Amino acid sequence: MDLPPAGPDARLPPFAATARRTLVVHGAPVELVFVPERQRREGRATRDRPALRRSRAAAIVADEALWVDERHVVTPNRYPFAPEQRILWPRAVQREADPGMWRLAGAWVDAVNGTALLNTIGAAATIARAHVHLLPERLPFLPALRTRPLRDPPIDPPPGAELVAAEVPFCLLGVRGPADARAEALLRLGEARLTAAANVVVQQHTAWLYPRRLETPAPHFPFALGAAEVWGRWCYSERAPFDAATAADLERALVLAGMEPLP
């Protein structure tokens, strides 16, 4: 499989947080970053965002390509929250990532020991077309969480995949296994998922699914909570809430934004 490149590229906007903090959330370390330039993103989830808006996805895919194959395009992220951040898009107009997209993203993550992140509309995405953030970086939050088997799993995992739940007070499911098995499991979980919105984090041979009930868990986190936060990097575009945030705030935000844990 031909994979998108990783590493430095002069066409990638640099990432530099104005300020950083660290906290321990649900027993695991997270990082808070103050990135005021992300306030300039178009289509951010705000109270006055309209129901419909002309999509910028086609123009981004056509004009900003760094890498292409027959079905996919990789572009920069204009407002990155990690170094050397790229975005993987399907050429086709589609709202959910398909197995081929997950196989490609998963193979890239395994090859570079990096991370892939997906947000849906309703879970911090600013553009409805499916897209996956590719990051040549790992964070310690998710690997530090304890896991347990599910008594009544919502899917039959494909061969080679193991389904677990994180021991946290919200629904966070992990699929462990090779990229092809993870991709098939994510497809099955997508069919089983009864929430429209969700986030996915792929890191260290595990795909994590966080189904959503609320996009912005204010006042605990006054921005749209996305896969970056589930990954362990909490992005603040305003200084006052960045300075005031506590571990208890972030724990409440994850519980409020997520669904009840499965038994």
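Residues numbered from 1 in each chain as written. Predicted model: local features only at pLDDT ≥ 70, side-chain atom pairs only at ≥ 80, totals over all residues. Heavy atoms only, no water.

(A) Structural detail: the sheet that holds strand β10 (residues 173–176). The 10 strands are arranged β3-β4-β5-β7-β6-β11-β12-β10-β9-β8 in an open sheet whose pairing can be described as antiparallel. Strand pairing shows two members of the sheet lacking a second neighbour, β3 (67–68) and β8 (147–149), which therefore form its edges. Bridge analysis of β10 against strand β12 (residues 206–211) gives 4 bridges, and the strand direction is antiparallel. By the bridge assignment, Leu173 is partnered in β12 with Leu209. In this fold helix α2 (residues 99–112) packs onto β3, β4 (72–76), β5 (86–90), β6 (115–119), β7 (132–135) and β11 (198–203), with an angle of close to 10° to the strand it touches most, β7. (Pairing = 2+ DSSP bridges. Helix = DSSP H or I, 4+ residues; strand = E, 2+ residues; numbered from the N terminus. Contact = heavy atoms within 4.5 Å. Axes fitted to C-alpha atoms, helices over the stretch in contact; angles between N-to-C directions.)

(B) Examining the pattern of salt bridges more closely. This structure, assessed with the given rule, holds 14 salt bridges. Measuring nitrogen to oxygen at the nearest pair gives 3.2 Å for the salt bridge that ties Arg182 to Asp110. You can see Arg182 sitting in helix α4 (residues 179–192) and its partner Asp110 sitting in helix α2, a full 72 residues away along the chain. We classify Arg182 as buried; its relative accessible area is 2%. Asp110 sits in the partly exposed class, given a relative accessible area of 26%. The partner of Glu137 in a salt bridge is Arg233, and the shortest N-O contact between them spans 2.7 Å. A residue pair is termed long-range when its members are at least 10 positions apart, and Glu137 in the loop between β7 and α3 (141–144) and Arg233 in strand β13 (residues 233–236) qualify at 96 residues. Here the salt bridges share partners, and the residues they tie into one network are Arg20, Glu31, Glu137 and Arg233. (Salt bridge = Lys/Arg side-chain N within 4 Å of Asp/Glu carboxyl O. Buried < 20%, exposed > 50% of the residue type's maximum accessible area, 1.4 Å probe, protein only.)

(C) Representation of the packing of aromatic side chains. In this structure the tally under the stated criterion is 7 aromatic pairs. When the centroid spacing of 5.5 Å and the interplanar angle of 75° are considered together, the rings of Phe221 and Phe223 count as edge-to-face. Taking the relative accessible area as the measure of exposure, Phe221 reaches 0% and is therefore buried. Aromatic rings pair up to connect Phe34, Phe221, Phe223, Trp234, Tyr236 and Phe242 into one cluster. (Phe/Tyr/Trp six-rings, centres within 6.5 Å; stacked < 30°, edge-to-face > 60°.)

(D) Highlighting the layout of surface pockets. Taken as a whole, the largest pocket encloses approximately 860 Å³ of empty space. Arg38, Arg41, Arg44, Ala124 and Thr126 are the residues nearest the centre of the largest pocket, which is lined by 43 residues in total. The set of elements that each furnish at least two residues to the lining of the largest pocket consists of β5, α5 (227–231) and β13. The biggest single contributor to the lining of the largest pocket is α5, with 3 residues. The residue inventory of the lining of the largest pocket, partitioned by class, reads 21 nonpolar, 10 polar and 12 charged. Here the second largest pocket is characterised by a volume of approximately 440 Å³. Taken together, 18 residues line the second largest pocket, and the ones lying closest to its centre are Arg53, Ile121, Thr126, Ile127 and Ala128. Split into classes, the residues belonging to the lining of the second largest pocket amount to 8 nonpolar, 4 polar and 6 charged. (1 Å grid on protein atoms, 1.4 Å probe; cavity = no way out; pocket = protein on both sides within 12 Å on 5 of 7 lines; lining within 4 Å. Points joined across faces, edges and corners; volume = space filled by probe spheres on them. Nonpolar A, V, L, I, M, F, W, Y, C, P; charged D, E, K, R; others polar.)

(E) Structural view of the side chain of Gln85. By the secondary structure assignment, Gln85 is in the loop between β4 and β5. Gln85 sits in the buried class, given a relative accessible area of 1%. At 3.3 Å, the side chain of Gln85 and the backbone nitrogen of Ala82 are in polar contact. Leave out the neighbours within four places in its chain, and Gln85 touches Leu12, Pro76, Asn77, Pro80, His133, Leu134 and Leu135. (Polar contact = N/O pair within 3.5 Å; in protein donor to acceptor, adjacent residues only side chain to side chain.)

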